[in-house]
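Commentary on secondary and tertiary structure
In case you want the letters, here they are:
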Amino acid sequence: MRSLLWLIPAIPFFSALLLAVFGPRFSRRSVALFGVGSIGLSALIALGIAADFIASPPPNHRDTQTLSTWMNVGDLNAPVALLLDPLSLVMIGVVTFVGFLIHLYSVEYMAPEEGYSRFFAYMNLFVGAMLILVLADHLLLLFLGWEGVGLCSFLLIGFWYTDPNNVRAARKAFIVTRIGDTALMIALALLLTHLGSLEITTLLDRAGQVWPIGAPLAIWAAALILGGAVGKSAQLPLQVWLPDAMAGPTPTSALIHAATMVTAGVYLIARTHPLFLLAPPVLTAVAVIGAATLLIASFSALTQTDMKRVLAYSTISQIGYMFLALGVGAWSAAIFHLMTHAFFKALLFLAAGVVIHAYHGEQNLFQMGGLRRTHRFTFWIFLIGGASLAGLPLVTAGFYSKGEILWETWALGGSALWAAGVIGAFLTSLYTFRMIFLAFFGAPRKAPAGGEPGLLIRIPLIVLGILSIIGGFINLPPALGDKLLLTHFLQTVLPHTEASALHAARGMTEIGSEAFVTAASLLGLFLAYLFYLRRPSLAESLAGRPVGRALHRFWSAGWGFDLLYDRLFVRPYLLLAEAFRRDMIDQFYDRWLVRPVFLLARLNRHDLIDSIYTGLSRLAAFFYETLRRTETGRVRWYAAGLAAGTIFFLGWVVLL
Amino acid sequence: MFALGLIGLLVRRNILFILMSTEVMLNAAGLAFIVAGARWGAADGQVMFFFILGLAAAEVSVGLALVLRMHHQYRSLDADLLSRMRG
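Read on for a plain summary of the structure. (Residues numbered from 1 in each chain as written. Chains lettered and ligands numbered in written order. Predicted model: local features only at pLDDT ≥ 70, side-chain atom pairs only at ≥ 80, totals over all residues. Heavy atoms only, no water.)

1. Side note on the overall build of chain A
- When its secondary structure is counted, chain A shows 29 helices and four strands.
- Overall, the C-alpha framework of chain A stretches about 140 × 65 × 50 Å when taken along its three principal axes.
- Across the 656 residues in chain A, those meeting the buried criterion constitute 53%.
- Relative to all contacts within chain A whose residues are 6 or more apart in sequence, the contacts with residues 24 or more apart total 79%.
- Accessible area of chain A: about 28700 Å², with a carbon and sulfur share of 69%.
- With 44 positive and 34 negative side-chain charges, chain A shows a separation of 10 Å between the mean positions of the two kinds. (Helix = DSSP H or I, 4+ residues; strand = E, 2+ residues; numbered from the N terminus. Buried < 20%, exposed > 50% of the residue type's maximum accessible area, 1.4 Å probe, protein only. Contact = heavy atoms within 4.5 Å. Areas by Shrake-Rupley, 256 points an atom, 1.4 Å probe, with all protein chains shown as cover. Lys, Arg positive; Asp, Glu negative; His and termini not counted. Charge placed at Lys NZ, Arg CZ, Asp CG, Glu CD.)

So this is what it looks like as structure tokens:
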């Protein structure tokens, strides 16, 4: 079973190729069959391998499958090798399973689209690349997957490429993540030159042996990897691309910008965590970035009018939680949240797609209302997703994962970070229920048309809904059942310090932390109810005040990052480009190389070499003319010729 | 004498005068032979003169026949009219 590991990324790749080449010729049905079937097949194989792995784990709880050698150049030996260990297993499980559900949803959702096969080709390519990323045993192969998902993100954001706004958003996403990618590339180069190998376990072992904790090189390497992760996962300061990425189709937003691609950074840091352990300042930076991002994004989510943008900022915020967890050393907690987030965020995006469809493309929350009455299924499923996002106590997956992160943060990271997380939880709940109340409750501002969705949309939503509820139960904290199944499963890869989980640390118990989190989320729910259902006037009056208005504008514009980057980078660059409009280098070449050549060419206008040959032919013509003249037909002429010849000959003989 | 005959042949346009010049040239050659024979006291010179005389006579008859032909065709005796063989 384990030998089939390579099929997991290979099947989607193959399907993508097939769809790319033959897609336009296939029927809708075939496209859907290939597109969804490939991911489904991968999911099944992943399931099989997982069952096999859990039942009889390989030695050391890890197994590698080397397919071939990609390149062997100088110091770099890069095999195409796949790694199977608990972490990669969890990741492929999430990617293939959630991916499968989203593809299934897309069959119906994207049905009226012109580029149906193109969509599935891109989506399959993405899943293939993502699977390569998480299965790679070698950092260069990981980077291949990394770049691949970046490409697919670009292609899918700009799916409706005829609208320049979409293309601009796609470009923005690609360029911003490119900054991160460059950092990652430098990190890889650094690691290769100093540690000699990019093969993951070898690399991490060597790093531990060669570099002491706090070694400058380790700090550089970790910081650069962090740079890459920050770009891909849309964290501070590279978070600006994600809200605009909502220009892509909703299933894309669900898959790439919620469940999988944006979690690549989290995976990367989790995978290379020994390196980060050697660089404590960087680890602190991870936590601080996570905390800052989650707060900033939550505030922004609070003021958005577009439903998808709320979810986008929400994603940025939740990944901030994952970074926070990573930063304090709670690796498995981060992965746990990654998993639950994939479930409920994908659910929310897909359900948002249904809502937007019900309003015939309207995405403005303030144009919606009262959907609860006409679309009950959508309402309930959205509510489940939202509740999980907000982390409502006990019954939602989000509660358990978020709670674990926050408890670990208190125990390992300190109260400041914990407080940020709790405030974030409050805000999360607030903006989530704001969104729900605006869209589903109250009086309808715009009449929703369209009925409830069909089966292919409902099934994935239901499955994700169920997972958003029960997904948390695989990691019950000690205070609430003590069945940390996921943490134990990941133990061999992501070690977990058990002590902090059980014992009270610096004045707080786990129950206490959970209580605070619960209180925060419920407070958010209550305030949302108050402001958006009971007394909307209150919210309006608050927002109407000058402070309120300023804050609203500030938060709504993503804390001004777009403006900042525009002034700081984009404008100067454009100015520079303008200055070079008359390309100086080109001009130099033109003046000193091109013009002289033309001059020389003109000198040779009467072609010297050629004239030799024309000269010869003219000479021949001349002789011909001359000789022609001698044939006059006149007797006396010929006689004269004879006489002249004779005289000449006689003279020759006599004189010489 | 030969040179005189040659010049006459080259300069004159009338066919008859050309033939006459030819005769002069032939006679000049014969005279040269006679003189040479007289100088070295051999009879060969006289013999050669006989040959030349006979040759001249034959040539004249053929030439005059041709002249008659030409006159019949062109009604003139201008040698330059005979340039149909020009290239």
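2. Let's talk about the overall build of chain B
- Across its full length, chain B holds three helices and zero strands.
- Tracing chain B from N to C terminus, the helices and strands come up as α-α-α.
- Here the C-alpha radius of gyration of chain B, 16 Å, is well above what a compact globule of 87 residues would show, namely 12 Å.
- Projected onto the principal axes, the alpha-carbon positions of chain B cover approximately 50 × 25 × 25 Å.
- Counting across all 87 residues of chain B, residues that qualify as buried make up 28%.
- Restricting to contacts in chain B with at least 6 residues of sequence separation, those with at least 24 account for 49%.
- Of the roughly 6000 Å² that chain B leaves accessible, carbon and sulfur atoms contribute 72%. (Rg over C-alpha atoms; globule rule 2.2 N^0.38 Å.)

3. Looking at the packing of aromatic side chains
All names here are of chain A.
- Taken as a whole, this structure holds 28 aromatic pairs over all chains when the rule is applied.
- Considering the side-chain rings of Y116 and F120, the 5.2 Å spacing of their centres and the 75° angle between planes classify their relative orientation as edge-to-face. Here Y116 pairs with F120, and both are found in helix 4 (residues 116-135), just four residues apart, close to one helical turn. Each member of the pair Y116 and F120 is classed as buried. (Phe/Tyr/Trp six-rings, centres within 6.5 Å; stacked < 30°, edge-to-face > 60°.)

4. Some remarks on the interface of chain B and chain A
- With 13 residues of chain B in contact, the opposing surface of chain A contributes nine residues.
- Between chain B and chain A, a total of about 940 Å² is buried, with carbon and sulfur atoms accounting for 62% of that surface.
- The tally of links between chain B and chain A comes to one salt bridge.
- The residue R636(A) makes a salt bridge to D80(B) at a minimum N-O spacing of 3.1 Å.
- The greatest single-element share of the side of chain B that touches chain A, amounting to four residues, is contributed by helix 1 (residues 2-11) of chain B. (Buried area = accessible area lost by both parts, 1.4 Å probe. Salt bridge = Lys/Arg side-chain N within 4 Å of Asp/Glu carboxyl O.)

5. What about the nonpolar core?
- Ranked by size, the top nonpolar core spans 207 residues in total, and within it L191(A), W211(A) and F382(A) carry the most contacts.
- With residues near it in sequence (within four places) discarded, W211(A) still touches L190(A), L191(A), H194(A), L195(A), R206(A), L217(A), A218(A), L275(A) and L278(A).
- Listed in part, the 11 residues of the second largest apolar core include A643(A), I18(B), M25(B) and M70(B). (Core = buried A, V, L, I, M, F, W, Y, C linked by side-chain atoms within 4.5 Å.)

6. Focus on the environment of V94(A)
All names here are of chain A.
- Topologically, V94 is positioned in helix 3 (residues 86-109).
- Judged by relative accessible area, V94 falls into the buried class, the value being 4%.
- Spatially, the C-alpha atom of V94 lies 9.0 Å from that of L338, the residues being 244 residues apart in sequence.
- Not counting residues up to four positions away in its chain, the partners in contact with V94 are G99, M339 and A342.

7. Here we look at the pattern of salt bridges
All names here are of chain A.
- Inspection of the entire model under this criterion finds 15 salt bridges over all chains.
- One salt bridge connects E147 with R178, and the closest N-O pair in it is separated by 2.7 Å. Taken together, the residues E147 in helix 5 (residues 139-157) and R178 in helix 6 (residues 164-195) connect sequence positions 31 residues apart.
- Residue class for R178 comes out partly exposed when judged on its relative accessible area of 29%.
- One network of salt bridges, in which partners are shared, links E147, R178, D181 and K232.

8. Brief notes about the packing of helix 11 (residues 264-271) of chain A against helix 14 (residues 307-328) of chain A
All names here are of chain A.
- Their axes nearest at 10 Å, the elements helix 11 and helix 14 cross at an angle of 5°. Judged on the interaxial angle alone, helix 14 and helix 11 are roughly parallel. Two secondary-structure elements touch here, helix 11 through V266, I269 and A270 and helix 14 through I319, M322, F323 and L326.
- Taken together, the residues that form the contact of helix 11 with helix 14 break down as seven nonpolar, no polar and no charged. (Axes fitted to C-alpha atoms, helices over the stretch in contact; angles between N-to-C directions. Parallel < 35°, antiparallel > 145°, perpendicular 65-115°, else oblique. Nonpolar A, V, L, I, M, F, W, Y, C, P; charged D, E, K, R; others polar.)

9. What about the pairing of strand 2 (residues 76-84) of chain A?
All names here are of chain A.
- The element strand 2 is largely enclosed, with a buried count of eight among its nine residues.
- Two strands pair when backbone bridges link them, and strand 1 (residues 63-73) and strand 2 are joined in this way by nine bridges, in the antiparallel orientation. Residue pairing in the sheet places T64 in a bridge with L83 of strand 2.
- The hairpin turn running from strand 1 into strand 2, its antiparallel successor, is two residues long, and G74 in that turn takes a positive phi close to 60°. (Pairing = 2+ DSSP bridges.)

10. Some remarks on helix 19 (residues 415-440) of chain A
- Relative to the 38 Å expected for 26 residues at 1.5 Å per residue, helix 19 of chain A spans 37 Å between its end C-alpha atoms, a close match to the ideal helical length.
- Just downstream of helix 19 of chain A lies G442(A), where phi reads positive at about 75°. (Expected span 1.5 Å × (residues − 1).)

11. As for the packing of helix 5 of chain A against helix 6 of chain A
All names here are of chain A.
- Taken N-terminus to C-terminus, the directions of helix 5 and helix 6 make an angle of 170°; their axes are 8 Å apart at the nearest point. Between helix 5 and helix 6, the angle is such that the two are roughly antiparallel. Across the interface between the two elements, L139, L140, F143, W146, E147, G150, L151, F154 and I157 of helix 5 pack against N166, A169, A170, R171, A173, F174, R178, D181, L184, M185, L188 and L191 of helix 6.
- Here the contact of helix 5 with helix 6 is composed, by residue class, of 15 nonpolar, two polar and four charged.

12. Things to note about the side chain of N475(A)
- Positionally, N475(A) belongs in strand 3 (residues 475-476).
- If sequence neighbours within four positions are ignored, N475(A) has contacts with F336(A), E404(A), K483(A), L484(A), L485(A), L486(A) and T487(A).

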